[in-house]
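# Descriptive structure summary
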Amino acid sequence: MSRAHELAIIGVGQTPYRRRHSGSTPELVRQAVGDALADAQISAREVDIVIGGFAPDGLSGENSPDKRFLPAAGAVGRWSFRVNTGGTTGIAAAYAAMDLLEAGRGDVAVVVAVERMAQANSVPAVFNSIFDPIYERDTGLSTISMGALRASRMMARWGYTREHWAAVAERNFAHAARNPLAQIRRPYTAQQVLESRMIAWPVSQLDACPVSEGVCAVVVCRAGRVQGSGQPFATVAGRGSLSDTYNMGDRMHRPIGDLVDAITLSRSARRAFTEAGISSARDAQVVEIHAPFTHGETMTYAPLGFCAAADGPDLVASGYGGWGGSTVLNPSGGAQAANPVGATALIRLAEAARQIMGRAGGHQVADVRVAVSTGQGGANQFSTCTVLAG
Amino acid sequence: MADPSTDMTAPVTVEGHWDFGYTYFAGDAASRFFNELRINHRIMGTHCGSCDRVLVPARGFCDACFVATGEWREVGPEGTLDTFTILTTSFPGLPEPPIVVGYVTLEGASSAVLNAVLGVDLADLDKAGAFLLTQPRVRVEFTGEPQGRITDFAFRLLETR
């Protein structure tokens, strides 16, 4: 049974995304939630459900942070819990809230997603600790090397080069320059990306996201509450979510699809597109792709229906996704311009909603009727795809 | 700039530190895998009767089929480098760069296992990368007296160009 079109996003609140915030976590959460409620034109009293997303505790150095940040989001007296699925944390929190609304647990939900990773003295060391301590951690695996292992597989299979990915970075940075909330607003060129410090070949510093902090909040409600009110909102037209096996090595030779085929995203997208009645992400005017690395963005092209996987390098070379095109990719600049890990996947949804509502400010794309957002997390094993409509 | 000795809004920070010790239990399957490494110097996988795959390193169950694995099988010692990265930046607590790590599918295995790749000329990274993209053959090499850890072995290139 399809429950599509029952829910609406009516408000978004975001702190700027920066290398470091000097406020406390509860202060930042309260600020973002307050802004989201104001944007939604409702009071805190009308909220039934408060779901929070916060990624690995070790990044913030605060164990079980839910105790302290959920009350700052208005959880007192409400149905509330915290979600963590790594990179997909923010969208997993949103889906939990949407599921509760669809189940009839309330009419209005606040979703808030938080990242305080600059509190850690060594972010890569903390990221190493998220991997399997028995078989993997000693090999030096980090989120960056995990990404680089996929990137070189894409080079071998489909002929991507570092130049293709540098072009993707140039476009994302150009878009980020329009977005005052983005952390990196300098329009780096492809040449500067190629010349940036190599971190884990083939991934260089400007192929990778920065260390970012910030909080994103979204207000979701049952659509009947706002339909016909004249208030701007974005309808949740379709969504899909699927998990995969953990070990990346197990996904290398499977008949159903290779590691870099991202089959969980393909299947999530197909479900979301069917619910929404669109045939591919080409039917959207805006697509916000959750990809902290340039190669990660191109890994979504086939699953989202932009092209066959082997044609991805040509799609990049054609300049697809730039400003003024039929579909603009990452008008906010995407995760490459700011990647507050626990919040990033919710930011993609929030930015898609702002585009539908006509409230994206300097990076508003003209006449957005359909917007798609994705989420990728864990060891690239959790995927989501959401379609919003005006 | 305000004088911090009198400024009531000067931001305050509090230092914190996590340094907890842990003892991770490898479990039945990984314990046997590590003991095979340490005592018999061989790499073992387990067979999933449902998807007919040999999972390496050995697992007690196949999470894709959600069934217990069965027969233990020796794999390797040669295999193919499926994918790799060249780590070029030093991070605290992680192995010193430059090093190559890669996923290798060993003879008789259906899945790939991650470990260091030895014998790569890293004088020119792009050149090294281009060669490794050809998915060269490698051979398991024990890197010292086995301790029963995943780092007991690495992969050495059988060909270098």
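Our subject is the structure listed above.
Let's shift gears to the overall build of chain A. Looking only at helices and strands, chain A has 12 helices and 12 strands in total. A principal-axis box enclosing the C-alpha atoms of chain A has dimensions of 55 × 45 × 40 Å. Going through the 390 residues of chain A one by one, you find that 67% of them count as buried. Nonlocal contacts in chain A, meaning residues at least 24 apart in sequence, comprise 77% of its contacts between residues at least 6 apart. Positive and negative charge centroids in chain A, built from 35 and 33 side chains respectively, lie 3 Å apart.

Quick look at the nonpolar core now. Generally speaking, nonpolar side chains in soluble globular proteins are found buried as a group. Residue and element names in this part refer to chain A. Among the nonpolar cores identified, the biggest contains 88 residues, and Phe273 and Tyr301 are the most heavily contacted of them. A per-element tally of this core places helix α6 (residues 143-158) first, with 8 residues. Setting aside its immediate chain neighbours within four residues, Tyr301 contacts Tyr160, Val168, Arg171, Ile289, Phe306, Cys307, Leu315, Val316 and Leu329. Residues Leu7, Ala92, Met98 and Val111 belong to the second largest nonpolar core, which totals 43 residues.

Residue and element names in this part refer to chain A. Strand order in the open sheet made by the 10 strands is β3-β2-β4-β7-β1-β8-β12-β11-β9-β10, with mixed pairing throughout. Edge positions in the open sheet fall to β3 (79-83) and β10 (328-329), since each of these has one partner strand only. Taken together, the 2 bridges between strand β1 (residues 7-14) and strand β8 (residues 234-243) define a ladder with antiparallel strand orientation. Each bridged residue has a counterpart across the sheet, and for Ile9 the counterpart in β8 is Ala234. Of the strands in this sheet, β1, β4 (108-116), β7 (213-222), β8, β9 (286-288), β11 (370-377) and β12 (382-389) touch helix α12 (residues 341-357), which is tilted by about 115 degrees from β1.

Further remarks concern the environment of Leu106(B). All names here are of chain B. Mapped onto the secondary structure, Leu106 falls in strand β7 (residues 99-106). Overall, Leu106 belongs to the buried group, its relative accessible area being 2%. With near-sequence residues (within four places) excluded, Leu106 lies in contact with Ile43, Val75, Gly76, Pro77, Glu78, Gly79, Val113, Val140 and Phe155.

This brings us to the interface of chain A and chain B. In this complex, chain A contributes 41 residues to the contact, which on the side of chain B involves 44 residues. Interface area, chain A with chain B, both sides summed: about 3,700 Å², of which 61% is carbon and sulfur. Our enumeration of links across chain A and chain B arrives at 3 salt bridges. Between Asp82(B) and Arg153(A) there is a salt bridge whose closest N-O contact spans 4.0 Å. If you look at where chain A meets chain B, you find 26 residue pairs in polar contact (both at pLDDT 80 or more). Elements with a contribution of two residues or more to the side of chain A that touches chain B: α2 (57-60), α5 (123-128), α6 and β5 (198-201) of chain A. Counting residues per element, the side of chain A that touches chain B draws most heavily on α6(A), at 7 residues. Here the side of chain A that touches chain B is composed, by residue class, of 17 nonpolar, 14 polar and 10 charged. With 2 bridges joining them, β5(A) and strand β6 (residues 78-87) of chain B adopt antiparallel strand pairing. Within the sheet, the bridge partner assigned to Ala200(A) lies in β6(B) and is Leu87(B).

So, on to the sheet that holds strand β1 (residues 43-48) of chain B. Sheets are built from strands paired through backbone hydrogen bonds, the pairs being either parallel or antiparallel. All names here are of chain B. Across the sheet, which stays open at both edges, the 3 strands sit in the order β2-β1-β5 with antiparallel pairing between neighbours. This sheet does not close on itself; its edge strands, each paired only once, are β2 (53-55) and β5 (72-75). Strand-to-strand twist of the sheet, defined as the mean angle between neighbouring strand axes without regard to direction, takes the value 45 degrees. Here β1 runs beside β2; their pairing, made up of 3 bridges, is antiparallel. Residue pairing across strands places Cys48 opposite Arg53, the latter belonging to β2. Strands β1 and β5 of the sheet are contacted by helix α1 (residues 27-40), whose axis makes an angle of about 145 degrees with β1.

Another aspect to go through is a nonpolar patch on the surface. Taken together, the side chains of Trp18(B), Phe20(B), Tyr22(B) and Tyr24(B) present a nonpolar region at the surface, about 490 Å² in accessible area. If you trace the backbone, Tyr22(B) turns up in the segment before α1.

All names here are of chain A. Between its terminal C-alpha atoms helix α9 (residues 263-276) stretches 20 Å, which fits the 20 Å expected from 14 residues at 1.5 Å a residue. Looking only at α9, the buried set comprises Ile263, Thr264, Leu265, Ser266, Ser268, Ala269, Ala272, Phe273 and Ala276. Against the buried residues of α9 lie β8, β11 and β12. Positive phi appears at Gly277, one or two residues downstream of α9, with a value of about 75 degrees.

So, on to the pairing of β11(A). Residues and elements named next belong to chain A. The buried fraction of β11 is high, at 8 of 8 residues. Every second residue of β11 is oriented toward a common face, with Val370, Val372, Thr374 and Gln376 on one face and Ala371, Ser373, Gly375 and Gly377 on the other, all of them buried. Bridge count between β11 and β12: 8 bridges; the pairing is antiparallel. When the sheet's bridge partners are listed, Ser373 is paired in β12 with Thr386.

Moving on to the layout of surface pockets. Remark: the empty space left among the atoms is shown by a probe the size of a water molecule rolled over them. All names here are of chain A. When its volume is computed, the largest pocket comes out at roughly 1,700 Å³. Lining the largest pocket are 45 residues, and of these Gly58, Gly61, Gln119, Ala120 and Asn121 sit closest to its centre. Those elements that provide at least two residues to the lining of the largest pocket are α1 (25-39), α2 and α5. Top element by residues in the lining of the largest pocket is α5. It accounts for 5 residues. When grouped by side-chain class, the residues that make up the lining of the largest pocket number 17 nonpolar, 18 polar and 10 charged. The space that makes up the second largest pocket amounts to roughly 1,100 Å³. What lines the second largest pocket is a set of 49 residues, among which Phe127, Thr143, Phe293, Asn339 and Val341 lie closest to the centre. Elements with a minimum of two residues in the lining of the second largest pocket: α5, α6, α10 (294-299), α12 and β11.

Here is what the cut-offs are and how they apply
Residues numbered from 1 in each chain as written. Chains lettered and ligands numbered in written order. Predicted model: local features only at pLDDT ≥ 70, side-chain atom pairs only at ≥ 80, totals over all residues. Heavy atoms only, no water. Helix = DSSP H or I, 4+ residues; strand = E, 2+ residues; numbered from the N terminus. Buried < 20%, exposed > 50% of the residue type's maximum accessible area, 1.4 Å probe, protein only. Contact = heavy atoms within 4.5 Å. Lys, Arg positive; Asp, Glu negative; His and termini not counted. Charge placed at Lys NZ, Arg CZ, Asp CG, Glu CD. Core = buried A, V, L, I, M, F, W, Y, C linked by side-chain atoms within 4.5 Å. Pairing = 2+ DSSP bridges. Axes fitted to C-alpha atoms, helices over the stretch in contact; angles between N-to-C directions. Buried area = accessible area lost by both parts, 1.4 Å probe. Salt bridge = Lys/Arg side-chain N within 4 Å of Asp/Glu carboxyl O. Polar contact = N/O pair within 3.5 Å; in protein donor to acceptor, adjacent residues only side chain to side chain. Nonpolar A, V, L, I, M, F, W, Y, C, P; charged D, E, K, R; others polar. Patch = residues over 30% accessible without salt bridge, like charges linked within 9 Å, V, L, I, M, F, W, Y side chains within 5 Å. Areas by Shrake-Rupley, 256 points an atom, 1.4 Å probe, with all protein chains shown as cover. Expected span 1.5 Å × (residues − 1). 1 Å grid on protein atoms, 1.4 Å probe; cavity = no way out; pocket = protein on both sides within 12 Å on 5 of 7 lines; lining within 4 Å. Points joined across faces, edges and corners; volume = space filled by probe spheres on them.

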